[in-house]
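# An overview of the molecular structure
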Amino acid sequence: MQSKPRLLVTRRFPGAVMERIGRDYQARHNPGDRGLTAEELGELGRGCDALLCAPGDALDARGIAALPASVRALATFSVGYDHIDVEAARTRGLAVFNTPDVLTDATAEIALLLMLGASRRAWEGQRMLRAGDWTGWTPTQLLGRGLSSKRLGILGMGRIGQAVARRARGFGVEIHYCNRNRLPAEREAGATYHAAPESLLGVSQIFSLHCPATPETQRFLDRERIALLPPDPIVINTARGAVVDDAALIEALRSGRVAAAGLDVFEDEPDVNPDYLSLPNAYLLPHLGSATVEARNAMGLLALDNLDAFFAGREPPARVV
Ligand code: DGY
């Protein structure tokens, strides 16, 4: 009988995923539940054929170089793979897999939650209530801004951007988007296409980021681009912290140039820029985009489908490299 592939499991994954790992792989587990450093990847990965990894693992060029020669594949428990130096992996001959599709709905839901939470001042309301500071209803208390009839600008109209658009239409929002390629009419569903991000920014009363973090999108939303937004915009980020220039957004939230922001992702997570924490108009979540039982189970099972196919000599369902 062929021996089971040896797998370094860098995180504590959902139960059904752990069970399948136990059944089909010889697993070595990270004793903790935090991302591994390059040194730890080298150490714990010794003798392993593949990694089941996640955002937070240091799979940059140094981490990839530290991996033992036995490692042939990286399956990340995420759709995003900006934590992996894909070129370094390719050069080394490593296969890389991710988990698209299965977290689309969950992430779109969080984008809508952020839109509502930021525009309707949900955090300020919660805080007032829980602190015992609510003295009763008044006609002018915590007035937010409605979504209905607003223009929503979506940067990156991939699977998640489209899922956000579908849901936002239910709130009476008018959809605008910018994408590398214009979508076919049936998927555009009446949305207005902007070939240039600057044109999209100019109409976006709500601006939602859905592009991957790449060298091209690094700090995309900076002071100059914020200045292009219409008055009192709401900024939403469920993509990656790296696509926003924190200093510029914080300054704009402080001055009121941006009315509110809903943020699920941050540069240098979990070290959130402390200035965000004191801003009442920043509605903040700790990277919960895909955090549903359904999505996280499906992500783990897809990550294992990728590895199973790889070791069986079949084409994995979601290959990056
Ligand atoms: C991803 O999959 O890239 C998310 O950010 C983690 O859920």
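Residues numbered from 1 in each chain as written. Predicted model: local features only at pLDDT ≥ 70, side-chain atom pairs only at ≥ 80, totals over all residues. Heavy atoms only, no water.

### Some remarks on the environment of Q141
Using the following cut-off: Numbering of helices and strands starts at the N terminus; helices are DSSP runs of H or I of at least 4 residues and strands are runs of E of at least 2. In the analysis that follows, any N or O atom pair within 3.5 Å is treated as a polar contact, provided that within protein one partner can donate a hydrogen and the other can accept it, and provided that, for residues neighboring in sequence, both atoms belong to side chains.
Note on placement: Q141 falls in the loop between α6 (122-130) and β6 (151-155). Sequence separation between Q141 and G125 is 16 residues, and the spatial gap between their C-alpha atoms is 9.3 Å. A polar contact of 3.1 Å, which involves the side chain of Q141, links it to the side chain of W134.

### What about the nonpolar core?
To keep it simple, the criterion reads: Among buried residues, the Ala, Val, Leu, Ile, Met, Phe, Trp, Tyr and Cys ones that are joined through side-chain atoms within 4.5 Å form a nonpolar core. Per-residue accessibility, obtained with a 1.4 Å probe over protein chains only, is compared with the maximum for each type, and a residue is labelled buried under 20%, exposed over 50%, and partly exposed between these values. Annotation comment: domain bounds sourced from an automatic or database domain assignment. The contact rule is simple, with two residues in contact once any of their heavy atoms fall within 4.5 Å.
With 50 residues, the main nonpolar core has L152, V164, I175 and L307 as its most contacted residues. Looking at which domains feed residues into this core, each of domain 1 (6-102 + 293-312) and domain 2 (104-284) supplies at least three. Apart from residues no more than four positions distant in its own chain, L152 is found in contact with M115, V164, A168, V173, E174, I175, H176, I206 and S208. If you look at the next biggest cluster of nonpolar residues, it comprises 27 residues, including C211, V243, L249 and V258.

### Observations concerning the domain arrangement of the chain
To keep things clear, this is the line we draw: Put simply, buried area is how much 1.4 Å-probe accessible surface two parts lose in total, over both of them, once they are put together. Salt bridge, as used here, is a side-chain nitrogen of Lys or Arg placed within 4 Å of a carboxyl oxygen of Asp or Glu. Classification convention: Asp, Glu, Lys, Arg as charged; Ala, Val, Leu, Ile, Met, Phe, Trp, Tyr, Cys, Pro as nonpolar; all other residues, Gly among them, as polar.
Domain annotation for the chain reports domain 1 (6-102 + 293-312) and domain 2 (104-284). Taking the mean C-alpha position of each, domain 1 and domain 2 sit 31 Å from one another. In this assembly, 7 residues from domain 1 lie in contact with 5 residues from domain 2. Interface area, domain 1 with domain 2, both sides summed: about 500 Å², of which 45% is carbon and sulfur. Applying the counting criterion to the domain 1 and domain 2 interface returns 2 salt bridges. The interface formed by domain 1 and domain 2 includes 3 residue pairs in polar contact (both at pLDDT 80 or more). In terms of residue class, the side of domain 1 that touches domain 2 is made up of 4 nonpolar, 1 polar and 2 charged.

### Description of a nonpolar patch on the surface
Selection rule: Any residue with relative accessible area above 30% and no salt bridge may belong to a patch, with like charges joined within 9 Å and the nonpolar Val, Leu, Ile, Met, Phe, Trp and Tyr side chains within 5 Å. Areas reported as accessible are Shrake-Rupley estimates using a 1.4 Å probe. Residue values count occlusion only from the protein chains shown.
Together, L129, W134 and W137 line one region of the surface with nonpolar side chains, adding up to about 430 Å² of accessible area. With respect to the helices and strands, W134 occurs in the loop between α6 and β6. In this structure W134 comes out as partly exposed when scored by relative accessible area, which is 46%.

### Remarks on helix α5 (residues 104-119)
Our working rule: Expected helix span is given by 1.5 Å per residue-to-residue step, counting one fewer step than there are residues.
The end-to-end C-alpha distance of α5 is 23 Å, a good match for the 22 Å that 16 residues give at a rise of 1.5 Å each. Extensive coverage of α5 is indicated by the burial of 12 of its 16 residues. Immediately downstream of α5, the backbone of R121 shows phi near 60°, a positive value.

### Concerning the site of the ligand
Defined as follows: Only heavy atoms are used to decide nearness, and a residue is near a molecule or strand if one of them lies within 4 Å of it.
What surrounds the ligand is the set S78, V79, G80, L103, R240, H287, S290 and M299. V79 is positioned such that a nitrogen or oxygen atom in its backbone is 2.7 Å from an oxygen atom of the ligand. Within the contact set of the ligand, an oxygen atom lies 2.7 Å away from a side-chain nitrogen or oxygen of R240. If the ligand stood free it would expose 230 Å²; the protein chains cover 89% of that surface. Here the shell around the ligand is composed, by residue class, of 3 nonpolar, 4 polar and 1 charged.

### Things to note about the sheet that holds strand β3 (residues 50-53)
Keep this limit in mind: Strands pair, by our definition, only if DSSP identifies at least two bridges between them. To obtain each axis, a line is fitted to C-alpha atoms, and for helices this fit is confined to the stretch in contact; angles are then taken between N-to-C directions over 0 to 180 degrees.
The strand order across the open sheet formed by 5 strands is β2-β1-β3-β4-β5, and the pairing between neighbours is parallel. What marks the edges here is a single partner per strand, and that holds for β2 (26-29) and β5 (95-97). Each strand of the sheet is rotated relative to its neighbour by a mean of 20°, with strand direction disregarded. In the packing of helix α13 (residues 293-312) onto the sheet, the strands contacted are β1 (6-9), β3, β4 (73-76) and β5, and the crossing angle to β4 comes to about 160°.

### Looking at the pairing of strand β9 (residues 206-209)
Side chains of β9 alternate between two faces, with I206 and S208 and F207 and L209 buried alike. In the sheet, β9 pairs with strand β10 (residues 234-237) via 4 bridges, with the strands oriented parallel. Within the sheet, the bridge partner assigned to F207 lies in β10 and is V235.

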